Amino acid sequence: MLPDLPPLPALTRAEGELIDRYLDVVDLLGRINPGRHGDTYSGLRAAQALVSKAAALRDALELMHRRGEAELHADTLARALRVLDGERRTARVTVPPRSDS
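Student: Give a description of the packing of helix α1 (residues 13-32) against helix α2 (residues 40-66) that names residues and reports values.
Tutor: Their axes nearest at 8 Å, the elements α1 and α2 cross at an angle of 160°. Taken together, α1 and α2 sit at an angle that is classed as roughly antiparallel. Considering the relative orientation of α1 and α2, their crossing is left-handed. Residues belonging to the contact of α1 with α2 are distributed by class as follows: 18 nonpolar, two polar and seven charged.

Student: So what's going on with α2? Residues and values would help.
Tutor: The terminal C-alpha atoms of α2 lie 39 Å apart, and with 27 residues this matches the ideal 39 Å at 1.5 Å per residue to within 8%. Its axis deflected by about 35° at L50, α2 carries its strongest bend there. All of the buried residues in α2 are G43, A46, L50, L57, A60 and M64. Contacts made by the buried residues of α2 are with α1. With a side-chain oxygen lying 3.1 Å from the backbone nitrogen of Y41, the N-terminal cap of α2 falls on D39. Of the residues trailing α2, G68 is marked for its positive phi of about 85°.

Rules used in this analysis
- Residues numbered from 1 in each chain as written.
- Predicted model: local features only at pLDDT ≥ 70, side-chain atom pairs only at ≥ 80, totals over all residues.
- Heavy atoms only, no water.
- Axes fitted to C-alpha atoms, helices over the stretch in contact; angles between N-to-C directions.
- Helix = DSSP H or I, 4+ residues; strand = E, 2+ residues; numbered from the N terminus.
- Parallel < 35°, antiparallel > 145°, perpendicular 65-115°, else oblique.
- Left-handed = near helix turned anticlockwise from the far one by under 90°.
- Nonpolar A, V, L, I, M, F, W, Y, C, P; charged D, E, K, R; others polar.
- Expected span 1.5 Å × (residues − 1).
- Bend = angle between axes of the 7 residues up to and from the residue.
- Buried < 20%, exposed > 50% of the residue type's maximum accessible area, 1.4 Å probe, protein only.
- Contact = heavy atoms within 4.5 Å.
- Polar contact = N/O pair within 3.5 Å; in protein donor to acceptor, adjacent residues only side chain to side chain.

The structure is reproduced here in structure tokens:
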């Protein structure tokens, strides 16, 4: 049985799209991260997909700007990222801690 997750905060459609596209890019960057285990082929595939995902992220931000959503509500968006496992997903982008062996 899965634990109950907190509900997503109320987001505009454009904010929801921004969060989704941002996490798409983060997931791909995590696959490309040379400090993590993986192979060059999966990194290459992720890098190829990154181009279109980055464009989609740009488009989401452009849409928000055109609609007059000039401010990013960081607290609300951060809560949405946490609900969507953003902390774990973004951790894959950082340099892993040293393994002093």
